[in-house]
Amino acid sequence: MDQSRITKEGIRIHAPEDFAGMRKAGALAAQILDEVGDLVAPGATTGALDEFITRRVEELGATSATIGYRGYQHASCISVNHVVCHGIPGDKVLKDGDILNIDVTVILHGWFGDSSRMYAAGRASLKAQRLLQVTHDALMKGIEAVRPGATFGDIGAAIQTYAEERRMSVVRDFCGHGIGRVFHAPPNVLHFGRPGKGAVLEEGMFFTIEPMINLGRPETKVLADDWTAVTRDKSLSAQFEHSIGVTADGCEIFTPSEKFFPQMD
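Position numbers for residues start from 1 in each chain and track the written sequence from start to end. Where totals are concerned, whole chains, interfaces and linings use all residues; where local detail is concerned, this predicted model gives features only for residues with pLDDT of at least 70, and gives and counts side-chain atom pairs only at 80 or more. Only hydrogens and water are removed before side-chain values are computed, so all heavy atoms of the structure are retained for them.

Caption draft 1: Spotlight on the side chain of Thr247. The secondary structure listing takes helices from DSSP runs of H or I that are at least 4 residues long and strands from runs of E that are at least 2 residues long, numbered from the N terminus. Assignment of secondary structure puts Thr247 in the loop between strand S16 (242-246) and strand S17 (251-253). Exposure remark for Thr247: the relative accessible area of 17% places this residue in the buried category. Two N or O atoms form a polar contact when they lie within 3.5 Å of each other; inside protein one atom must be a possible hydrogen donor and the other a possible acceptor, and for residues adjacent in sequence the pair counts only when both atoms belong to side chains. Side-chain polar atoms of Thr247 contact the backbone nitrogen of Cys251, separated by 3.2 Å. Sequence-distant contacts of Thr247, that is, excluding residues within four places in its chain, are made with Phe19, Pro148, Glu203 and Glu252. The buried label applies to any residue whose accessible area, calculated with a 1.4 Å probe on protein chains only, is under 20% of its type's maximum; exposed applies above 50%, and partly exposed to all values in between. Two residues form a contact once any of their heavy atoms are found within 4.5 Å.

Encoded structure:
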């Protein structure tokens, strides 16, 4: 029997037993991101990386959530350098120093596991390395703010404050989302905001936090393919994403990995 309920804001409160399904789906997404990291190198194409991900999703007994989603035809989004998100894999050849986000969402036994992380092809520049570090740490600051009784504004404020204090900007045009047995659901998880504002967090809420941080200004534009979002000023952009569940005293990260942050050469 489904023991979940919906808040007045439309946010599903999941039952305690639902954590197990999210844990397994999240672990599988994290495993695939671990494995594909070994293939990221100068000379590799984004299409080859996606082909590997597509094969591993099937071999591990899961389904890709993105193949067929609103007409999308790939098992990952791969966003290189000034691409903010939703980069389409293809013939692009990675060059030494490129940074890239790989975003994977799988469905396992009806539960969605969604995560993304940054990689460097070869040796990233010092400014790119700093961007990756700040973006990762901003995500973790947001996660640290998650606990029952806190608000979604607390999450956004923690991320925004951390990034802007380091003279970087937070993308406003994209956000995290509720997740569970559906890919996207309420709430929208903004990566900027004011403490105390927004819906109050409750135990059993499942959602992603996935800040996109730019070295330059926050504005983005979507290219003619209707998917690829880039920085308007062509500055570098980075993103890290975890799926989490609110627990009685904090939160559980469903997509953890010891390889979540890239090793820099």
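That was the structure; now back to the text.
Caption draft 2: Quick look at the sheet that holds strand S5 (residues 83-85). Taken together, 3 strands build an open sheet; the order of strands is S5-S14-S13 and the sheet is antiparallel. Because the sheet does not close on itself, it has two edges, and the strands there are S5 and strand S13 (220-222). With strand direction ignored, the average angle separating the axes of adjacent strands in the sheet is 40 degrees. Any two strands between which DSSP finds at least two bridges are classified as paired. Bridge analysis of S5 against strand S14 (residues 229-231) gives 2 bridges, and the strand direction is antiparallel. The convention used is that axes are lines fitted to C-alpha atoms, helices contributing only their stretch in contact, and that angles between N-to-C directions extend from 0 to 180 degrees.

Caption draft 3: Focus on the side chain of Thr7. Following the sequence through the fold, Thr7 ends up in the loop between strand S1 (5-6) and strand S2 (12-13). Given the relative accessible area of 9%, Thr7 is considered buried. Of the polar contacts made by the side chain of Thr7, one reaches the side chain of Glu9; its length is 3.1 Å. Residue contacts for Thr7: discarding those within four places in its chain leaves Ile13, Glu202 and Met205.

Caption draft 4: Looking closely at the packing of helix H3 (residues 126-144) against helix H4 (residues 152-165). Viewed as axis vectors pointing N to C, H3 and H4 meet at an angle of 150 degrees, and their least axial separation amounts to 8 Å. Judged by the angle between their axes, H3 and H4 are roughly antiparallel. Both H3 and H4 take part in a crossing whose hand is right-handed. Within the contact between the two elements, H3 uses Val134, Asp137, Ala138, Lys141 and Gly142 and H4 uses Ile155, Ala158, Ile159, Tyr162 and Ala163. Here the contact of H3 with H4 is built from residues that sort into 7 nonpolar, 1 polar and 2 charged. Comment on the angle field: the value is read as roughly parallel under 35 degrees, roughly antiparallel over 145, roughly perpendicular from 65 to 115, and oblique elsewhere. Here a crossing is called left-handed whenever its near helix is offset anticlockwise from the far helix by less than a right angle, and right-handed whenever the offset is clockwise. Residues are grouped as follows: Ala, Val, Leu, Ile, Met, Phe, Trp, Tyr, Cys and Pro are nonpolar; Asp, Glu, Lys and Arg are charged; every other residue, Gly included, is polar.

As far as function goes, none of this settles anything; it's purely spatial.
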